[in-house]
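Fold and geometry: a report
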Amino acid sequence: MMTNGVVHANVFGIKDWVTPYKISVLVLLDEMTISKRMTLLERRRLNKLILPLQQGPDLTLRHFLKTVEECSAETAFAVKLRLHMMVVGELKDMESFFDTLPNPFSDAESEASKTSVVGLFMRHMLLAYNKLSFSQVYKLYTALQRYYDDCLGSQPGPPTAPPVDADMELSEMELTTPRRCPLSQKQAEYFLARQAYLLKNDENKALKPAALQEELNNMLKFNPDFAEAHYLSYLNSMRVQDVFISTHSLLHYFDRLILTGGDGKSNGDEGYGRSLRYAALNLAALHCRFGHYQQAELALQEAIRIAQESNDHVCLQHCLSWLYTLEQMKGSDSSVLTEDSVKMAAHFGLPYLASLGIQSLVQQGATGGKAANMLMDALKDTDILHWKHSLSELIDISLAQTTSIWRMYGKSTMALQCAQVLLNMNSLEQVDFGVQQNNTEAFAVVLCHLAELHAEQGLFGASSEILKHLKERFPPHTQHAKLWMLCDLKIQFERAMNDGKYHLAEPHVAAIAALDQMEGLYRKGLVMKAQNQTTDAYRLMLGVPEQALNILHEAMEPILAHGALLDKGVGRGLEQAVQTLDEAAAYFSRMGCKDRLRDTHYLQARLHHALGHTAQRNECALLFRMVDQELPPARANLANRL
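Residues numbered from 1 in each chain as written. Predicted model: local features only at pLDDT ≥ 70, side-chain atom pairs only at ≥ 80, totals over all residues. Heavy atoms only, no water.

1. Quick word on the overall build of the protein
- Helices and strands together make up the secondary structure of the protein, namely 32 helices and zero strands.
- Of all 642 residues assigned to the protein, the portion counted as buried reaches 47%.
- Excluding contacts between residues fewer than 6 apart, the proportion of contacts in the protein whose partners are at least 24 apart in sequence is 66%.
- With an accessible surface of roughly 33400 Å², the protein has 56% of that area assigned to carbon and sulfur atoms. (Helix = DSSP H or I, 4+ residues; strand = E, 2+ residues; numbered from the N terminus. Buried < 20%, exposed > 50% of the residue type's maximum accessible area, 1.4 Å probe, protein only. Contact = heavy atoms within 4.5 Å. Areas by Shrake-Rupley, 256 points an atom, 1.4 Å probe, with all protein chains shown as cover.)

Okay, structure coming up:
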């Protein structure tokens, strides 16, 4: 996408290829060529760094030296020292540096040979430098002095030897603050491509929303028609749910795309129409994201109309996919639309859309109570499609969805295995920009499942560690942070309920409802029921106790086999008498569920009394009294409820 930009280097104010930053890179390359003390590991790390330094945007000297220091502290010190000697000397010192550089044309055996990456860079630098007039060379030297002084000029005398002292350290502010200097065309395209890739695969490594927007605004001041910058602004605004800027940027992107003829497929009238229909489609997707269903429907109708006039079947299939998505978001039954979308996508050879449709049908089937084996068969068919076409993103989504379904149907062991498969699977996508794994929604979903599964088994320490990892991997400002926030609140709610601290559980209900209305409503009913507010709680209830009893009998065996410790304790209550109550008490004790533990001790005492086990009865009665004294007095005990 970024290769279609029409931005020229002069637009950004860069007239010469030689810059102070490029001179710093050249000093590093020269040092790597002549150094004999560099270890093999250090040289390997620096070799990996060469291309990003050459092709990436200009860095501040402090950031540049910090990057080199992470690979080789001694080399960073040598580069810093050579730059210092150059800027505190005279103009002839910089000229002497260029005169003593290895000749890429003469020495084919050195790292600076004309066919190597280092040699090509040196060749460009030497050719550009030799074309400069004397006045331009002088301006370059003064720019190099300012470049050095801006970061390190306050140091008296030459730099000290490594280990590097505090002046070499970079603060988080310096790493994330946008640069004020203009960019060349290649640098701008690299910057936009890198940030777009990070937003998709590892948002945590991208610039913060405010910093990225400031950089984009600075870029657009020099070239307002840079379409790709407008599109990245749209993606960045979606991160923070800014409806105004995201809509504004999206419309500007398509306006510039049409004006510059940058449509990748075609030009002329057809290119103009294609941009219009995809603009309407993207606008519909944006309104869906913000819950503006009426505006989304109008934009979809416009996209469908233009696509039909142009006989664009691919665009029509995308429109149909968003149409059934919109119906689902509105709470309507969209199964017929989804099935039609899957059939048409398969007919036109669009496996990505066909697979998305099947996954949507599986989700609808799960919430509708369809048999688990039918859903798993459907997912198995989509997995074959994913691997056949190497659809890496959909493979991740499918594994996350399978994990969710196993958990929904009470198969905790299978859910754990599915989650581990995804977390330990290598991505099929090419690794770029230092991103080693996808920090996508699918990964966030399975990690949340793992946290909840561990909490259900009473392993709260492990659950906390998983949540801590989630918070580091998906910070609060990222788009998937909502998932772990909801997961954390649900776990806190369950712990408060288990401890009988309903006054602590109530605030969590409002917080959960803010993230998920249905989850909040369900938990509000649980709190009311626990507080004996049966009249109010009866309004979440469906009023079909016979059906509830049938479901209970069907669910008993899976709960005992795969359920949480709390569910196991509840399920075995009175059916297996003393032995089962002992096991239930152990479960409740591990979970810290004092309210239910008290009820269990009460039942144990009654059973032992009926059986004539006086010693055991007295022991259980003592345990009951000890737990009862720890709980709030307003809570009705089991005897009253019976």
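Moving on from the model shown.
2. Examining the nonpolar core
- Ile23, Phe64, Met94 and Phe98 are the most contacted members of the largest nonpolar core, which has 45 residues in total.
- Going through the elements one at a time, helix H1 (20-34), helix H2 (40-55), helix H3 (61-71), helix H4 (73-87), helix H5 (91-99), helix H6 (117-130) and helix H7 (134-152) are the ones with two or more residues in this core.
- Core analysis: the next-biggest nonpolar cluster, separate from the first, contains 32 residues, Ile466, Leu470, Ala481 and Leu631 among them. (Core = buried A, V, L, I, M, F, W, Y, C linked by side-chain atoms within 4.5 Å.)

3. Observations regarding the packing of H4 against H5
- Viewed as axis vectors pointing N to C, H4 and H5 meet at an angle of 135 degrees, and their least axial separation amounts to 7 Å. Judged on the interaxial angle alone, H5 and H4 are oblique. Touching Arg82, Met85 and Met86 of H4 are Asp93, Met94 and Phe97, all from H5.
- Taken together, the residues of the contact of H4 with H5 break down into four nonpolar, no polar and two charged. (Axes fitted to C-alpha atoms, helices over the stretch in contact; angles between N-to-C directions. Parallel < 35°, antiparallel > 145°, perpendicular 65-115°, else oblique. Nonpolar A, V, L, I, M, F, W, Y, C, P; charged D, E, K, R; others polar.)

4. Structural notes on H3
- The buried fraction of H3 is high, at nine of eleven residues.
- Here H3 has its buried residues at Leu61, Arg62, Phe64, Leu65, Lys66, Thr67, Val68, Glu69 and Cys71.

5. Considerations on the pattern of salt bridges
- Under the counting rule described, the total for this entry stands at 21 salt bridges.
- Between glutamate 327 and lysine 330 there is a salt bridge whose closest N-O contact spans 3.7 Å.
- Lysine 330 sits in the partly exposed class, given a relative accessible area of 36%.
- Ionic pairing is found between aspartate 488 and lysine 471, a salt bridge with its closest N-O pair at 3.5 Å. Of the two residues, aspartate 488 is situated in helix H23 (residues 481-498) and lysine 471 in helix H22 (residues 460-473); the sequence distance between them amounts to 17 residues.
- Note on lysine 471: relative accessible area 35%, which makes it partly exposed. (Salt bridge = Lys/Arg side-chain N within 4 Å of Asp/Glu carboxyl O.)

6. Some remarks on a nonpolar patch on the surface
- A grouping of Met518, Leu521 and Leu540 is seen on the molecular surface, where their side chains present a nonpolar patch of about 290 Å² in accessible area.
- Within the fold, methionine 518 resides in helix H25 (residues 517-530).
- Here methionine 518 falls in the exposed class, since its relative accessible area comes to 59%. (Patch = residues over 30% accessible without salt bridge, like charges linked within 9 Å, V, L, I, M, F, W, Y side chains within 5 Å.)

7. Regarding the confidence of the model for the protein
- Taken over all residues, the pLDDT of the protein has a mean of 80, while the share at 70 or more is 79%.
- Segment residues 634-642 is flagged for pLDDT under 50; beyond a separation of four residues in sequence, or across chains, it makes 16 contacts in the model. (pLDDT = per-residue confidence, 0-100.)

8. A few points about helix H14 (residues 293-310)
- Between the first and last C-alpha of H14 there are 26 Å, a value that for 18 residues agrees with the 26 Å anticipated at 1.5 Å per step.
- Along H14, the residues classified as buried are Ala296, Ala299, Leu300, Ala303, Ile306 and Ala307. Looking straight down H14, one finds that the buried residues subtend no more than 130 degrees of arc, so they occupy a single side. Exposed side of H14, more than 90 degrees from the buried face: Gln294, Leu298, Gln308 and Glu309 are the residues found there.
- At the C-terminal side of H14, asparagine 311 shows a positive phi close to 60 degrees. (Expected span 1.5 Å × (residues − 1). Arc of directions from axis to C-beta.)

9. Considerations on the side chain of histidine 508
- On the secondary structure map, histidine 508 appears in helix H24 (residues 502-515).
- When residues no more than four places from it in sequence are discounted, the contact partners of histidine 508 are Leu489, Gln492 and Phe493.

10. Details of the packing of H1 against H3
- H3 packs onto H1 with a crossing angle of 25 degrees between their chain directions and a minimal axis gap of 11 Å. Taken together, the axes of H1 and H3 are roughly parallel relative to one another. In the crossing of H1 with H3, the sense of the turn from one axis to the other is right-handed. For the pair H1 and H3, the contacting residues are Tyr21, Ser24, Val25 and Leu28 in the first and Leu61, Phe64 and Val68 in the second.
- Taken together, the residues of the contact of H1 with H3 sort by class into six nonpolar, one polar and no charged. (Left-handed = near helix turned anticlockwise from the far one by under 90°.)

11. Topic: the environment of isoleucine 23
- Within the fold, isoleucine 23 resides in helix H1.
- In this structure, the C-alpha to C-alpha distance between isoleucine 23 and methionine 94, residues 71 residues apart in sequence, is 9.5 Å.
- Filtering out sequence-adjacent residues up to four positions away, isoleucine 23 remains in contact with Val18, Met94, Phe97, Phe98, Met125, Leu140 and Leu144.

12. Topic: the packing of aromatic side chains
- If you walk through the whole model with that rule in mind, you get seven aromatic pairs.
- Ring centres of phenylalanine 98 and tyrosine 129 lie 3.8 Å apart, and the angle between their planes is 5 degrees; on these two criteria the pair is classed as stacked. Of this pair, phenylalanine 98 sits in helix H5 while tyrosine 129 sits in helix H6, and the two are 31 residues apart along the sequence.
- Ring centres of tyrosine 231 and tyrosine 234 lie 5.4 Å apart, and the angle between their planes is 50 degrees; on these two criteria the pair is classed as tilted. Remark: tyrosine 234 and tyrosine 231 occur in helix H11 (residues 227-239); sequence separation between them is three residues, near one turn of the helix. The exposure classification of tyrosine 231 matches that of tyrosine 234, with both residues buried.
- These aromatic residues form a ring-pair network of at least three members: Tyr231, Tyr234, Tyr253 and Phe254.
- Over the face of the ring belonging to phenylalanine 460 we find arginine 495, whose NZ or CZ atom lies 3.8 Å from the ring centre. (Phe/Tyr/Trp six-rings, centres within 6.5 Å; stacked < 30°, edge-to-face > 60°. Lys NZ or Arg CZ within 6 Å of the ring centre and 35° of its normal.)

13. Some remarks on the environment of glycine 410
- Assignment of secondary structure puts glycine 410 in the loop between helix H19 (392-408) and helix H20 (412-423).
- A residue is classified by how much of its surface remains accessible, and glycine 410, at 27% relative accessible area, is partly exposed.
- Separated by 148 residues in sequence, glycine 410 and proline 558 have C-alpha atoms that sit 6.5 Å apart.

14. Here we look at unusual backbone geometry
- If you check the backbone angles, glutamine 241 has positive phi at about 60 degrees while not being a glycine.
- Summarising the element assignment, glutamine 241 is placed in the loop between H11 and helix H12 (243-260).
- Among the residues examined, glutamine 241 registers a relative accessible area of 42% and is labelled partly exposed.
- Non-glycine residue serine 390 carries a positive phi angle of around 55 degrees.
- Secondary-structure assignment places serine 390 in the loop between helix H18 (372-389) and H19.
- The class of serine 390 is partly exposed, set by a relative accessible area of 48%.

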